[in-house]
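An overview of the molecular structure
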Amino acid sequence: MKQTVAILALQGAFAEHEQMLNALGAETLLIRSHDDWEDFASRFANGERVALVIPGGESTAMLRIMCDEELLVPIREAILAGLPVFGTCAGMILLARNVVNDSRERLATMDISVLRNAYGRQLGSFYTEQTVKGIADDKALPMTFIRAPYITEAGPGVEILAVVDGHIVAAQQDRQLVCSFHPELNTDTRFHKHFLEMF
């Protein structure tokens, strides 16, 4: 059965995720409304091999649209029911149980604390390469950070996958995968391959 990945396409870098996942052989569909979600959720309920990507972008804008489209609660319920999910940058903020400098309601399904815009204006965007546990153990993975958050605290069930300059920038908890950077903006597909292997 072919894998299907829904991409939350409310705002941000969803098209780049779509291109990378299609190149890896996955079927993709874009979620822009509650109706889109209902169609996708029926596949999950029927036991199909499906997953969700929450891309980078502006987390406050994405959260507002999710609430307007009545997506916040059903997405949260699906993730808690076992739907695999991959959140990059803003996606990581939305999945975090706690955001140090933002008290707004969010999906809050992953046992991590996150600091928004953690690198400040001076290092708002930068590029580095780093090994990632279980994904890029031997050959460093390219990492593009754009006004990125990082994880300040991880619960006991969270596996830390990558650390840059002493800060946690990638982690996994069961079927939830997050990173501070944008793997979809480079040509290295290993992070997305790992996600596809999760379901």
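Up top you'll find the structure we're talking about.
Source: prediction; values computed, not measured.

Here is what the cut-offs are and how they apply
- Residues numbered from 1 in each chain as written.
- Predicted model: local features only at pLDDT ≥ 70, side-chain atom pairs only at ≥ 80, totals over all residues.
- Heavy atoms only, no water.
- 1 Å grid on protein atoms, 1.4 Å probe; cavity = no way out; pocket = protein on both sides within 12 Å on 5 of 7 lines; lining within 4 Å.
- Points joined across faces, edges and corners; volume = space filled by probe spheres on them.
- Nonpolar A, V, L, I, M, F, W, Y, C, P; charged D, E, K, R; others polar.
- Phe/Tyr/Trp six-rings, centres within 6.5 Å; stacked < 30°, edge-to-face > 60°.
- Helix = DSSP H or I, 4+ residues; strand = E, 2+ residues; numbered from the N terminus.
- Buried < 20%, exposed > 50% of the residue type's maximum accessible area, 1.4 Å probe, protein only.
- Arc of directions from axis to C-beta.
- Contact = heavy atoms within 4.5 Å.
- Salt bridge = Lys/Arg side-chain N within 4 Å of Asp/Glu carboxyl O.
- Patch = residues over 30% accessible without salt bridge, like charges linked within 9 Å, V, L, I, M, F, W, Y side chains within 5 Å.
- Areas by Shrake-Rupley, 256 points an atom, 1.4 Å probe, with all protein chains shown as cover.
- Lys, Arg positive; Asp, Glu negative; His and termini not counted.
- Charge placed at Lys NZ, Arg CZ, Asp CG, Glu CD.
- Polar contact = N/O pair within 3.5 Å; in protein donor to acceptor, adjacent residues only side chain to side chain.
- Expected span 1.5 Å × (residues − 1).

1. A look at the layout of surface pockets
Sizing a probe to match a water molecule and rolling it over the atoms shows the empty space that remains. What the largest pocket holds in volume is close to 240 Å³. Considering the residues around the largest pocket, the lining is formed by 15 residues, among which G57, E58, C89, I146 and R147 are closest to the centre. Split by residue class, the lining of the largest pocket holds six nonpolar, six polar and three charged.

2. Concerning the packing of aromatic side chains
Going through the model one piece at a time under the given rule, you end up with seven aromatic pairs. Between W37 and F40 the ring centres are 5.4 Å apart and the planes differ by 55°, which places this aromatic pair in the tilted class. In this pair, W37 and F40 are both assigned in helix α2 (residues 34-45), three residues apart and thus about one turn of the helix distant. For F40, a relative accessible area of 1% translates into the label buried. Here the aromatic rings of F126 and F145 are separated by 4.5 Å at their centres, their planes lie at 5°, and the arrangement is stacked.

3. With respect to helix α1 (residues 14-23)
Restricting attention to buried positions, one finds in α1 the residues F14, H17, M20 and L21. Down the axis of α1, the smallest arc covering the buried residues is 130°, so these residues share one side. The outward face of α1, more than 90 degrees from its buried face, is lined by the exposed residues Q19 and A23. Packing partners of the buried residues in α1 comprise β1 (4-8), β2 (27-31), β3 (50-54), β4 (85-88) and α6 (190-196). Trailing α1 by a residue or two, G25 shows a phi angle of about 95°, which is positive.

4. Focus: the pattern of salt bridges
Taken as a whole, this structure holds nine salt bridges when the rule is applied. Put simply, D102 and R106 hold a salt bridge, and the shortest N to O gap is 3.5 Å. No difference in accessibility class separates D102 from R106, as the two residues are buried. Between K133 and E159 there is a salt bridge, with its nearest N and O atoms 3.2 Å apart. Of this pair, K133 sits in the loop between β7 (125-132) and β8 (136-146) while E159 sits in strand β10 (residues 159-164), and the two are 26 residues apart along the sequence. On the basis of relative accessible area, K133 is assigned to the partly exposed category, the value being 46%. Linked by salt bridges that have partners in common, E58, D102, R104, R106 and R116 make up one network.

5. Considering a negative patch on the surface
Taken together, the side chains of D35, E38, D39, D68, E69 and E70 present a region of like negative charge at the surface. Looking at the negative patch element by element, the count peaks at three residues for α2. Its place among the elements puts E69 in the loop between α3 (59-68) and α4 (72-80).

6. Quick word on the side chain of Q173
Here Q173 shows up in strand β11 (residues 167-173). Taking relative accessible area as the criterion, Q173 reaches 13% and is therefore assigned buried. A distance of 2.8 Å separates a polar atom in the side chain of Q173 from the backbone nitrogen of D111. With sequence-adjacent residues up to four places away left out, Q173 is seen in contact with T109, M110, D111, G157 and V158.

7. Let's talk about α2
If you check α2, its first and last C-alpha atoms are 16 Å apart, about what twelve residues at 1.5 Å a residue would give, namely 16 Å. Where α2 terminates, the next one or two residues include G47, which has phi positive at roughly 85°.

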